[in-house]
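This is what each chain is made of:
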Amino acid sequence: MAAQDTLLAWENFYIIVGSSAGALTGLQFVVMALIAESRRRTGMHEIDTFGTPTVVHFCAVLLVSAILSAPWPGLLEAGIAAGICGAVGIVYTLIVLRRARRVTLYKPVLEDWIWHCALPLIAYVILFVGAATLPRRPVPALFGIATFALLLLFIGIHNAWDTVTYIALGMDESPPTTGA
């Protein structure tokens, strides 16, 4: 019962953050529709590098919000579930980093490396550490996990906005010419 009381104190936070992540996931699909309607298409590798991770990050926040809203018998079980999400997120972010190094239709700038690689990696490490310490030190662990959730939510908002502004303002509508 102590685990439920501890997690109950965070219920409103995870309802708000989880609902926001769910709604923003839907909006990311609108962003992808804008890409599909543009005259100049981007490559699948660029979408896998810059578009898909935003959906994954929003879904990770939604999943962790659901995990910490569940009526766990103890904090150890909740920590294991959240820790698995953190570990998978770390691996996924490293995959995105590798993809970003290989994109050909767009050259990532410093801001891209920070928002698409460094900050998500930091967020998932915070989640992993918070989840690992949840059974022993629940108060700081839950603040750490909350930091993960808000950081990843804001990263997703930034990256979705960055994509929309790139499409609306920065994307050259004519296909690139060879030798130019």
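One numbering rule holds for all chains: residues counted from 1, following each sequence as written. Given that the model is predicted, a residue must reach a pLDDT of at least 70 before its local features are reported, and side-chain atom pairs must reach 80 or more before they are shown or counted; all residues, however, enter totals for whole chains, interfaces and linings. Water and hydrogen atoms play no part in the side-chain values, which are based on all heavy atoms of the structure.

Participant: Quick rundown of the overall build of the protein chain? Include the residues and the values.
Facilitator: By the criteria applied, helices consist of DSSP H or I runs no shorter than four residues and strands consist of E runs no shorter than two, each listed in order from the N terminus. Helices and strands together make up the secondary structure of the protein chain, namely six helices and zero strands. Mapped from its N terminus to its C terminus, the protein chain presents α and β elements in the order α-α-α-α-α-α. Put simply, the protein chain has 180 residues, and 42% of those count as buried. Residue pairs in contact within the protein chain that sit at least 24 positions apart in sequence constitute 82% of those at least 6 positions apart. Shrake-Rupley sampling with a 1.4 Å probe provides the accessible areas, and residues are treated as covered by the protein chains on show and by no other component. Taken as a whole, the protein chain presents about 9,600 Å² of accessible surface, with 71% of it coming from carbon and sulfur. Burial classes: relative accessible area under 20% of the type maximum marks a residue as buried, over 50% as exposed, and values in between as partly exposed (1.4 Å probe, protein chains only). In this analysis, two residues are considered to be in contact whenever any of their non-hydrogen atoms come within 4.5 Å of each other.

Participant: Pulling in residues and values, what's your account of the nonpolar core?
Facilitator: Residues belong to a common nonpolar core when they are buried Ala, Val, Leu, Ile, Met, Phe, Trp, Tyr or Cys residues joined through side-chain atoms within 4.5 Å. Of all hydrophobic cores here, the largest spans 33 residues; its most connected members are Val-64, Leu-68, Leu-127, Leu-134, Phe-148 and Leu-152. Elements with a contribution of two residues or more to this core: helix H1 (2-8), helix H2 (11-37), helix H3 (44-69), helix H4 (75-102), helix H5 (110-133) and helix H6 (138-170). Per-element accounting of this core gives the leading share, nine residues, to H6. Excluding residues that lie within four positions of it along the chain, Leu-68 makes contacts with Leu-7, Tyr-14, Ala-78, Leu-134, Leu-142 and Ile-145.

Participant: Give me the side chain of Asp-112: which residues, what numbers.
Facilitator: Mapped onto the elements, Asp-112 comes out in helix H5. For Asp-112, which is buried and forms no salt bridge, the nearest opposite charge comes from Lys-107, at a distance of 9.4 Å. For Asp-112, the contacting residues outside a window of four places in its chain are Phe-50, Tyr-106, Lys-107, Cys-117 and Asp-162. Under the counting rule used here, the positive set is Lys and Arg, the negative set is Asp and Glu, and His together with the chain ends is not counted. A pair is scored as a salt bridge if a Lys or Arg side-chain nitrogen falls within 4 Å of a carboxyl oxygen belonging to Asp or Glu.

Participant: Outline the side chain of His-116, supporting the account with residue identities and numerical values.
Facilitator: Residue placement: His-116 occurs in helix H5. Apart from the residues within four sequence positions on either side, His-116 is in contact with Thr-49, Phe-50, Val-96, Asn-159 and Asp-162.

Participant: Tell me about the confidence of the model for the protein chain, residues and numbers included.
Facilitator: The predictor reports its confidence for every residue as pLDDT, a score running from 0 up to 100. Of the residues in the protein chain, 86% reach a pLDDT of 70 or more, and the chain-wide mean stands at 85. Predicted confidence in the protein chain is weakest over H2, with a mean pLDDT of 77, and strongest over H5, with 97. A low-confidence stretch, residues 175-180 stays under pLDDT 50, and its non-local contacts, those more than four residues away or across chains, total two contacts.

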